[in-house]
Amino acid sequence: MAGGNMKNLCDDMLINILLRIPVKSLIRFKCISKILYDLIQSSIFINLHRNRSIIKDELLLLKRSIKVAPLEYNNVLSFLSGHDDNINDLKPVYPDLYIPRLTSRHGHRCYETIGPCNGLIVLTDFDAIVLFNPATRNYRALPLSPFKRKVRFHRSMRGGLGFGYDWIANDYKFVKLSEIFRDPPQWHPNEDREKTVEIYDLNIGSWRVFDYDCEEFPSVHWLPCFEIFYKGAYHWSAYAETPIILCFDMTSETFRDIKMPHTCHPYDAKIYSLVILNESLTLICYAGKQTVPDPIRDLTDIWVLKEYGVYESWIKKYTIKPLYIEATILLLKDHLLLLQSFSGKVMSNDLNSDKLEEVHFFSSAHSFTMIIYKECLTPVPKMEDTVEDNSMVLEKVYLFNFKLMNFQHTSTFYHFYFSFVSANLSLSFQLPP
């Protein structure tokens with residue numbers, strides 16, 4: 001009996017130790033023994049590790065494009081860390097990852113980065129879709145949609161791609177909003193256009209068409225720093241007589257909309273961004289590029305939705321000077337608003353002091369994305385055999401520099417493991433008599 005209690009105590013201590021260890025080290029520990037491998041691979045441990053609250057584990061995942069030749073760009077992922085309000089003090093914690101082209105037909109100079117959701121992000125150029133865990137370097141390329149379009153018609157996915165987690169089904173879902181129109185488009189009100197919604201279930205590994213009322217479906221359009229997964233739903237910018245936030249609940253698979261504040265209308269010459277401020281959905285309304293600037297009309301308004309989904313709960317939190325910028329990037333530490341100018345320069349605006357300063361990053365305009373990222377062990381299911389056959393849009397998808405994950409000798413793992421225990425834990429207990 002005493003031996004069983006001692007074993008349980010040791011197991012609990014082992015789990016408690018492992019929960020404090022970063023993902024990169026845990027991946028190395030999996031090579032020590034089968035016991036550690038099975039423990040670290042288990043869904044229970046992965047969920048415990050993901051849900052632990054360690055603020056210092058949060059990183060900034062930066063995606064940018066760097067021009068290397070005419071019409072040729074290198075897309076780069078950087079992992080940065082910093083613990084104060086000086087954005088220029090951010091330091092890289094890992095070597096950069098270079099992202100090759102996602103398609104063989106053409107190379108976009110920038111890719112859309114969606115997420116994170118439980119440590120997973122999605123990279124897409126609006127043709128290929130790749131699910132990626134930056135911490136473990138595991139990835140999966142989604143197959144092309146099997147649903148065919150009409151002859152002489154074109155399918156555009158630029159309306160939106162959503163990604164989120166269904167906690168009831170324990171599944172990750174992709175929601176693709178597309179428009180099908182004549183190629184080339186006619187661009188007149190009576191043009192024959194068809195809107196489609198498709199859902200990909202990661203556990204099942206296939207696309208399906210989602211039925212909805214197409215006549216009532218709003219027009220969705222992409223805006224930088226707007227699309228976001230929040231409270232179990234994915235959010236897009238859309239228009240239905242007035243600007244709205246279109247939401248899709250990943251669990252109930254239902255669409256709903258949230259009206260924007262009363263100051264938002266089609267002719268306000270504003271651009272919108274959606275972020276999270278103090279755990280509340282927050283809308284940023286800024287002027288962007290103006291032919292004739294107006295310092296009063298072009299003021300930047302920041303609205304907070306105090307009660308999710310309730311239009312009457314919109315509150316104007318800040319009004320700051322006009323921001324004639326390309327796009328907002330990220331709201332950091334609940335008061336630092338990162339922006340990108342039309343030239344590609346990155347700036348920081350302190351919402352408390354309305355102080356604007358330049359940040360020492362540079363990338364091509366339209367290409368800068370930054371997200372708050374927490375490393376997780378969330379697994380990416382292996383690709384089915386059919387995915388390799390259907391992934392003709394990929395250039396063999398040897399995506400990332402896996403040399404970063406080369407493991408050292410097992411003896412090093414033991415040394416690191418026991419050094420961590422002795423340096424960070426002070427455990428005392430008496431052996432049972």
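That block above? That's the structure.
All figures in this text were calculated on a predicted structure; none of them were measured in a lab. (Residues numbered from 1 in each chain as written. Predicted model: local features only at pLDDT ≥ 70, side-chain atom pairs only at ≥ 80, totals over all residues. Heavy atoms only, no water.)

A. The arrangement of the pattern of salt bridges in detail. Enumeration according to the criterion identifies nine salt bridges in this entry. The shortest N-O distance in the salt bridge between aspartate 249 and arginine 256 comes to 3.9 Å. Since its relative accessible area comes to 17%, aspartate 249 is described here as buried. A residue is classified by how much of its surface remains accessible, and arginine 256, at 30% relative accessible area, is partly exposed. (Salt bridge = Lys/Arg side-chain N within 4 Å of Asp/Glu carboxyl O. Buried < 20%, exposed > 50% of the residue type's maximum accessible area, 1.4 Å probe, protein only.)

B. Quick look at the sheet that holds strand β18 (residues 271-277). Spatially, the four strands line up as an open sheet ordered β18-β19-β20-β21, and their pairing is antiparallel. Each edge of the open sheet carries a strand with a single partner, namely β18 and β21 (314-320). In this sheet, adjacent strand axes meet at a mean angle of 25 degrees when their direction is disregarded. As paired strands, β18 and strand β19 (residues 280-286) are joined by seven bridges and run antiparallel to one another. (Pairing = 2+ DSSP bridges. Helix = DSSP H or I, 4+ residues; strand = E, 2+ residues; numbered from the N terminus. Axes fitted to C-alpha atoms, helices over the stretch in contact; angles between N-to-C directions.)

C. Summary view of the pairing of strand β15 (residues 233-240). Here β15 lies mainly inside the structure; six of its eight residues are buried. Taken together, the two bridges between strand β13 (residues 219-220) and β15 define a ladder with antiparallel strand orientation. Across the sheet, valine 220 pairs through a bridge with alanine 238, a residue of β15. Two elements, strand β14 (residues 228-230) and β15, share three bridges in a ladder whose sense is antiparallel. Across the sheet, the residue bridging to phenylalanine 229 is tyrosine 234, located in β15.

D. Focus on the packing of helix α3 (residues 34-41) against helix α4 (residues 43-51). Where α3 meets α4, the closest approach of the two axes is 5 Å, and the angle between their N-to-C directions is 60 degrees. When α3 is examined against α4, the residues Leu39, Ile40 and Gln41 are found in contact with a partner set consisting of Ser43, Phe45 and Ile46. For the contact of α3 with α4, a count of residues per class yields four nonpolar, two polar and no charged. (Contact = heavy atoms within 4.5 Å. Nonpolar A, V, L, I, M, F, W, Y, C, P; charged D, E, K, R; others polar.)

E. Structural detail: the sheet that holds strand β5 (residues 112-117). With antiparallel pairing, four strands are arranged side by side in an open sheet as β5-β6-β7-β8. Every interior strand has two partners, whereas the edge strands, β5 and β8 (138-141), have only one. Neighbour-to-neighbour, the strand axes of the sheet open up by a mean angle of 20 degrees, direction not taken into account. Pairing geometry for strand β7 (residues 129-133) and β8, over four bridges, is antiparallel. For asparagine 133, the partnering residue across the bridge sits in β8 and is asparagine 138.

F. The nonpolar core, seen in detail. Grouped together as the largest cluster of nonpolar side chains are 32 residues, with contacts concentrated most on Leu18, Leu26, Phe29, Phe45 and Leu377. The next biggest cluster of nonpolar side chains, apart from the first, holds 30 residues, and it includes Val122, Phe163, Tyr200 and Tyr234. (Core = buried A, V, L, I, M, F, W, Y, C linked by side-chain atoms within 4.5 Å.)

G. Up close: the environment of isoleucine 87. Considering the arrangement of structural elements, one finds isoleucine 87 in the loop between β2 (72-81) and β3 (91-92). The spatial distance from the C-alpha of isoleucine 87 to the C-alpha of glutamate 357 is 9.9 Å, given a sequence separation of 270 residues. Ignoring anything within four residues of it in the chain, the contact list for isoleucine 87 reads Leu60, Leu332, Leu338, Ser348 and Val359.

H. Region of interest: the environment of cysteine 247. Within the secondary structure, cysteine 247 sits in strand β16 (residues 242-249). Along the backbone, cysteine 247 and glycine 162 are 85 residues apart, and their C-alpha atoms lie at a distance of 9.8 Å. Dropping the residues within four chain positions of it, cysteine 247 is found in contact with Ala233, Tyr234, His235, Thr254, Phe255, Arg256, Ile258 and Tyr308.

I. Spotlight on α3. Within the span of α3, buried status applies to Leu36, Leu39 and Ile40. The arc that holds every buried residue of α3, seen down its axis, measures 90 degrees, which confines them to one face. (Arc of directions from axis to C-beta.)

J. How the structure looks around α4. Taken together, the buried positions of α4 are Phe45, Ile46, His49 and Arg50. Taken down its axis, α4 places every buried residue within 130 degrees of arc, on the same side. Away from its buried face by more than 90 degrees, α4 exposes Ser43, Ile44 and Asn51.

K. Expanded view of the packing of aromatic side chains. Overall, the coordinates contain 13 aromatic pairs when judged by the stated rule. Here the aromatic rings of tyrosine 230 and tyrosine 308 are separated by 5.4 Å at their centres, their planes lie at 75 degrees, and the arrangement is edge-to-face. With tyrosine 230 in strand β14 and tyrosine 308 in the loop between β20 (300-305) and β21, this pair connects stretches of sequence that are 78 residues apart. Since its relative accessible area comes to 22%, tyrosine 308 is described here as partly exposed. Between arginine 137 and the ring centre of tyrosine 94, over which it is positioned, the NZ or CZ distance is 5.9 Å. For lysine 176, the ring lying beneath its charged end belongs to tryptophan 207, and the centroid distance is 4.4 Å. (Phe/Tyr/Trp six-rings, centres within 6.5 Å; stacked < 30°, edge-to-face > 60°. Lys NZ or Arg CZ within 6 Å of the ring centre and 35° of its normal.)

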